[in-house]
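Here's the letter readout for the chains.
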Amino acid sequence: MAAGLDRPQVVSHAQQALNYTLFDCKWVPRSARLLCLGSAARGSGLLQLYELRGGRLALLREIEKAKPLKCGTFGATSLQQRYFATGDFGGNLNIWNLEAPEIPVYSVKGHKEIINSIDGVGGLGIGEGAPEIVTGSRDGTVKVWDPRQKDTPVANMEPVQGESKRDCWTVAFGNAYNQEERVVCAGYDNGDIKLFDLKTMSLRWETNIKNGVCSVEFDRKDVNMNKLVATSLEGKFHVFDMRTQHPTKGFASVSEKAQKSTIWQVRHLPQNRDIFMTSGGAGSLHLWKYEYPSQRSKKDSEGAEMGVAGSLSLLQNVTLSTQPISSLDWSPDKKGLCVCGAFDQTVRVLIVTKLNKI
């Protein structure tokens, strides 16, 4: 761990008790506002917009929808629009204008079952190329949507004939550094991680980490693939160096057992992609730093390039809740500001200090 005095501290700045099950929370870009979404006791979906006012959260708006809301992203629209895309328990993908949220601006019955995970790219200045949304579902499929194209996905990754369908728990975009390149990474309940290349429409790489994959995230979407973190049910996470793909061994990786319980999410600090936070089933957050090796690739005995994994250091950890922290989001604008939601039905705004000293 870093020396005591200069270590980052995780300070609880504001918190708000909720009367519903919170599944996801997101910062509204370029604002002091955040969104909470989840499931009301009577089985409907709730979307709440809060504003941070000093040390408290003020509720600005509450919107009720027919189906519980599982996940959301701003990633596929511009900063001017700031439309919000959600996936719900009925398999529906909806895009909302939060100024007029009564009727979605885009809606499609995307999946046969619950949409577990969603990600967006091409908007907000994140990544080149089309404004796309990816959804992963319990029905075993991963679909990519262009909201300018009605009803049909632009890509559909589903189990091949005879292959059993696995519950897809997490999806993430990466490699969107020009108009043509883009990948989607998906993690499944059986430990499978699959990397789909959207340019060639093919499976580029797959591996298995032996435990259900709860969260995957690239350190940045808008650069050549650099690093990917995958978290699992058993308290372990893996960092893959995505720069060098060996023909048989794939990508080099380092793994760390953070705790005994599930690691629900990983989120990289937008302003420094070598720092990331994991959130855990024991109500704790861990802040990590990735250190690169002296050289990132070497030749194997056959002369093929293979990656070299770096190392991890724990910068700080804090326990906030007796229940799992299931969602986490850094502010894209203010370094060190983050929001997390837990199953104790509380949303918390945190400030992580001293991040510029690392």
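Residues numbered from 1 in each chain as written. Predicted model: local features only at pLDDT ≥ 70, side-chain atom pairs only at ≥ 80, totals over all residues. Heavy atoms only, no water.

Student: Describe the UniProt feature "repeat: WD" (unreviewed entry) in the chain, and please don't skip the residues or the numbers.
Tutor: The UniProt feature table records "repeat: WD" (unreviewed entry) at residues 133-146. Helix makes up 0% of residues 133-146 and strand 64%, with an end-to-end C-alpha separation of 7 Å. (UniProt positions renumbered as here; feature names shortened; annotations may be inferred. Helix = DSSP H or I, 4+ residues; strand = E, 2+ residues; numbered from the N terminus.)

Student: Lay out the state of the cysteines in plain terms, naming residues and giving numbers.
Tutor: This model, assessed by the stated rule, comprises zero disulfides. The closest cysteine sulfur to the non-disulfide-bonded Cys25 is located on Cys36, 5.7 Å from its own sulfur. Residue Cys25 is classed as buried on the basis of its relative accessible area, which comes to 0%. Cys71 forms no disulfide, and the closest cysteine sulfur to it belongs to Cys168, at a distance of 10 Å. The buried category is assigned to Cys71, whose relative accessible area is 5%. (Disulfide = S-S within 2.5 Å. Buried < 20%, exposed > 50% of the residue type's maximum accessible area, 1.4 Å probe, protein only.)

Student: Residues and numbers for the pattern of salt bridges, please.
Tutor: Considering all chains together, one arrives at 22 salt bridges under this definition. With a closest N to O distance of 3.2 Å, Arg166 and Asp189 form a salt bridge. With Arg166 in the loop between β13 (155-157) and β14 (168-174) and Asp189 in the loop between β15 (183-188) and β16 (192-197), this residue pair connects regions lying 23 residues apart in the sequence. Owing to a relative accessible area of 25%, Asp189 belongs among the partly exposed residues under this scheme. In this structure, Asp241 engages Arg296 in a salt bridge whose closest nitrogen and oxygen atoms are separated by 2.9 Å. Of this pair, Asp241 sits in strand β20 (residues 236-241) while Arg296 sits in the loop between β24 (284-291) and β25 (297-299), placing them 55 residues apart in sequence. (Salt bridge = Lys/Arg side-chain N within 4 Å of Asp/Glu carboxyl O.)

Student: Describe in detail the sheet that holds strand β18 (residues 213-218), supporting the description with residues and values.
Tutor: The strands making up a sheet are joined through hydrogen bonds of the backbone, oriented either antiparallel or parallel. With antiparallel pairing, four strands are arranged side by side in an open sheet as β18-β19-β20-β21. Only two strands of the sheet have a single partner each, and these edge strands are β18 and β21 (253-257). Taken over all neighbouring pairs, the strand axes of this sheet differ in orientation by 15° on average, direction set aside. Bridging between β20 and β21 involves five bridges; their strand directions are antiparallel. Following the sheet pairing, Val239 is matched in β21 by Val254. (Pairing = 2+ DSSP bridges. Axes fitted to C-alpha atoms, helices over the stretch in contact; angles between N-to-C directions.)

Student: So what's going on with the sheet that holds strand β28 (residues 325-330)? Residues and values would help.
Tutor: If you walk across this open sheet you meet the four strands as β1-β30-β29-β28, and the pairing is antiparallel. In the strand order of this sheet, the two ends are held by β1 (10-17) and β28, each with one partner. Pairs of neighbouring strands in the sheet enclose a mean axial angle of 20°, with direction left out of account. Where strand β29 (residues 337-342) lies against strand β30 (residues 346-352), six bridges are found, and the strand directions are antiparallel. Counterpart to Leu337 in the pairing with β30 is Ile351.

Student: So what about the packing of aromatic side chains? Which residues, and what values?
Tutor: What the rule picks out here adds up to nine aromatic pairs. Ring centres of Phe74 and Phe84 lie 4.7 Å apart, and the angle between their planes is 45°; on these two criteria the pair is classed as tilted. Here Phe84 lies in strand β7 (residues 84-88) and Phe74 lies in the loop between β6 (69-73) and β7, a separation of ten residues in the sequence. A relative accessible area of 4% means that Phe74 is categorised as buried. Measuring from centroid to centroid gives 4.9 Å for Trp205 and Phe251, while their planes differ by 85°, and the two rings are edge-to-face. With Trp205 in strand β17 (residues 202-208) and Phe251 in the loop between β20 and β21, this residue pair connects regions lying 46 residues apart in the sequence. (Phe/Tyr/Trp six-rings, centres within 6.5 Å; stacked < 30°, edge-to-face > 60°.)

Student: Can you tell me about a positive patch on the surface, naming the residues and giving the values?
Tutor: A contiguous patch of positive charge on the surface is contributed by Lys210, Lys236, Lys257 and Lys260. Here Lys260 lies in the loop between β21 and β22 (263-269). (Patch = residues over 30% accessible without salt bridge, like charges linked within 9 Å, V, L, I, M, F, W, Y side chains within 5 Å. Areas by Shrake-Rupley, 256 points an atom, 1.4 Å probe, with all protein chains shown as cover. Lys, Arg positive; Asp, Glu negative; His and termini not counted. Charge placed at Lys NZ, Arg CZ, Asp CG, Glu CD.)

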